[in-house]
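Take a look at the letters that make up each chain.
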Amino acid sequence: MEKELMTAEGIKRQLAYPFDNMEVLRQCKKWKKVLKESVSDCICKRIAILGGSTTKHVRDVLELFLLREGIECEFYESNYARFWEEGVFHNEELEKFSPHIIYIFTSFRNLNIKGTVEKEYDRFQLLWERLQERYSCTILQNNFELPFYRLLGNQDAVLKRGDSYFVNSMNEKFYDYARNTKNFYLVDIHYLAAEFGLSRWYDLNAWYLYKYAFSLEAVPLVAWNVSRIVKAMCGKNKKGFVIDLDNTLWGGVVGEDGPEHIEIGEGTPMGEAYLEFQNYLKRHEELGIVLNVCSKNDADVALEGIQNEENVLKKEDFYRIEANWNRKDENIQHIAGHLNVSLDSLVFLDDNPAERDIVNQNLPMVESPAFDTVENYIKLVDKNHYFEVLSLSQEDQDRNAMYRENQLRKQEEEKFQDYGSYLRSLNMTAHIHPFQEAEWDRIFQLIQKSNQFNLTTRRYTMGEIKNISQSQNYITLSGRLVDKFGDNGIVSLLIAEKEGETAHIRLWVMSCRVLGRDMEYAMFDELGNACRESGIKQMKGYFYPTKKNGIVKDLYEKLGFENEDDQTWHYSVKDKEILKNQFITVETERE
């Protein structure tokens, strides 16, 4: 058993919530070594931690949690309590480090509560603005936990002289700034301290002896939450649930008890617990998270259970319902194929430990939280931050409708023997134009999420996207695809850097939702037009292989590029090009 736990997969399971905080601290060094040896195709990030207190353990555990996600980091740490000075003033060492992410690790200990809220807030805002000017990177900022005392008692949060009032006022200003500032995210230690318990959060001995802002035991909790933001930035969020039915979505076994006797709804404590869990999942669906069923049941029996009038979730809420007696790992693969997503995009929810173990053994990339009793289901899913939200676009909220439209497209495809005739029948129109400010959030999101159609695996920060969009040294293309079934949204992005008469394709990504519909040809044709307008004579394309992007390894060859080496291709731009795209009407808007 000990040997199994020391494998990379065993360690990853121990690092899922609920983890043992003190065991994480004890084993941190050993576990990092194992995970580093197992990581391949990793994403590399440079993270600068500007600390208002001691940050060593936060850095170490954050590194461990990110390795779990296949993210390998290099760290810069400020001198003790010099977060403001090192961020505001010239810092040669930090500039040389060139961080992708700056994490400002402050706490209640760093507030000047003798001053005014406005003056203290201005101090932080100046810090953020200087960092953005110099580094154009993502900023993570702690908000503030409540103090461990209340000088004014129960009125401490009410009266303006109260420290609790000061903290809450600062947090409100931080929230407002985060709502209105791109590339800036809060780490909510105000919530974490409340969850952990303020009496446990503050360890005064640790502060006086070592200048730890909070209990050592709370460090993994904070590092875990920071890692959830970073993994979301790196496109590591999940995309959907695969959910068991009996004793997972409702109480009881529908095949034995009958659909009218399953426990769901008001009336019994267990029924209410399952009802709240369904409501929780329903809210995920409204955010664009796709729901699927994987149940060992006869299909008609499963549907009878789903249609119980007490259920919040009905048949139409699920993209796929795999109710049969096949192995669940096989059904999960079937669901991933229909969704056209990688297996590591799915979360498997099942109360049966034997079924979870089979999935863990055969599909270790699929997350499967250790469900025990229904009252803990929401907590287990929620604390794992599978779907950490950085921004919420309309396209996110429309994603389930887009998946259903894809089902209609597949049904339409089955009517045609000739694939070209099928593509023509879709009446596709592509709207392709340079990056626009109104679309920056979606552009950032698509770059982070795209893993399969991603030629260079480059993950641009929001600051880099902004700079590239406004630079004359780049050609940028954003492609939206619409067909007779609906609007797929922005599905493809391309960035080419101009150097003399050559355009280097630094990024080319496309959503898996539109694979096989020739959108890549429409994008390439428009890139050719943009190159001719800019006097570009040659394109250079780059392909960096990973475990996931094998579907585009032959793309440049199909487009007519000539191979230079394993990773580099070149293409001569002709004065008049024969269009590669044959099936999509293109509407353009070039500057």
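An account of the accompanying structure is given in this report. (Residues numbered from 1 in each chain as written. Predicted model: local features only at pLDDT ≥ 70, side-chain atom pairs only at ≥ 80, totals over all residues. Heavy atoms only, no water.)

This next bit is on the nonpolar core. Judged by nonpolar contacts, the single largest core of 125 residues is most densely connected at Trp128, Trp201 and Phe241. With 9 residues, helix H12 (residues 219-233) is the single largest residue contributor to this core. Membership of the second largest hydrophobic core comes to 39 residues, among which are Leu477, Ala530, Ile536 and Ile584. (Core = buried A, V, L, I, M, F, W, Y, C linked by side-chain atoms within 4.5 Å. Buried < 20%, exposed > 50% of the residue type's maximum accessible area, 1.4 Å probe, protein only. Helix = DSSP H or I, 4+ residues; strand = E, 2+ residues; numbered from the N terminus.)

With that out of the way, let us pick up the pairing of strand E12 (residues 474-483). Consecutive side chains along a regular strand alternate between the two faces of the sheet. Counting buried positions along E12 yields 7 of 10 residues, so the element is predominantly enclosed. With 5 bridges joining them, strand E10 (residues 428-433) and E12 adopt antiparallel strand pairing. Each residue of the ladder has a partner; that of Ile432, found in E12, is Gly479. Across 9 bridges, E12 lies against strand E13 (residues 486-499) in antiparallel orientation. Pairing of Tyr474 across the sheet is with Glu497, part of E13. Connecting E12 to the antiparallel partner E13 that follows it, the hairpin turn spans 2 residues. (Pairing = 2+ DSSP bridges.)

Here we come to the pattern of salt bridges. Summed over the entire model, instances satisfying the criterion amount to 34 salt bridges. A salt bridge links Arg179 to Asp176, with the nearest nitrogen and oxygen atoms 3.8 Å apart. With Arg179 and Asp176 both in helix H8 (residues 163-179) and 3 residues apart, this pair spans about one turn of that helix. Looking at Arg179, the relative accessible area reads 60%, which means it is exposed. By relative accessible area, which is 42% here, Asp176 ends up partly exposed. Put simply, Arg327 and Glu330 hold a salt bridge, and the shortest N to O gap is 4.0 Å. (Salt bridge = Lys/Arg side-chain N within 4 Å of Asp/Glu carboxyl O.)

Now for the packing of aromatic side chains. Applying the stated rule across the entire model yields 39 aromatic pairs. Relative to Tyr149, the ring of Phe108 lies with its centre 6.3 Å away and its plane at 70 degrees, an arrangement referred to as edge-to-face. Separated by 41 residues along the polypeptide, Phe108 in the loop between strand E3 (101-105) and helix H7 (117-135) and Tyr149 in the loop between strand E4 (138-142) and H8 bring together distant segments of the chain. Between Trp128 and Phe174 the ring centres are 4.9 Å apart and the planes differ by 80 degrees, which places this aromatic pair in the edge-to-face class. With Trp128 in helix H7 and Phe174 in helix H8, this residue pair connects regions lying 46 residues apart in the sequence. We note that Trp128, like Phe174, is buried. Three or more aromatic residues link up through ring pairs in this structure, and these residues are Phe83, Tyr121, Phe124, Trp128, Phe144, Phe174, Tyr177 and Phe184. Positioned over the ring face of Phe196 is Arg200, at 4.0 Å from the centre of the ring. Over the face of the ring belonging to Tyr571 we find Lys574, whose NZ or CZ atom lies 5.2 Å from the ring centre. (Phe/Tyr/Trp six-rings, centres within 6.5 Å; stacked < 30°, edge-to-face > 60°. Lys NZ or Arg CZ within 6 Å of the ring centre and 35° of its normal.)

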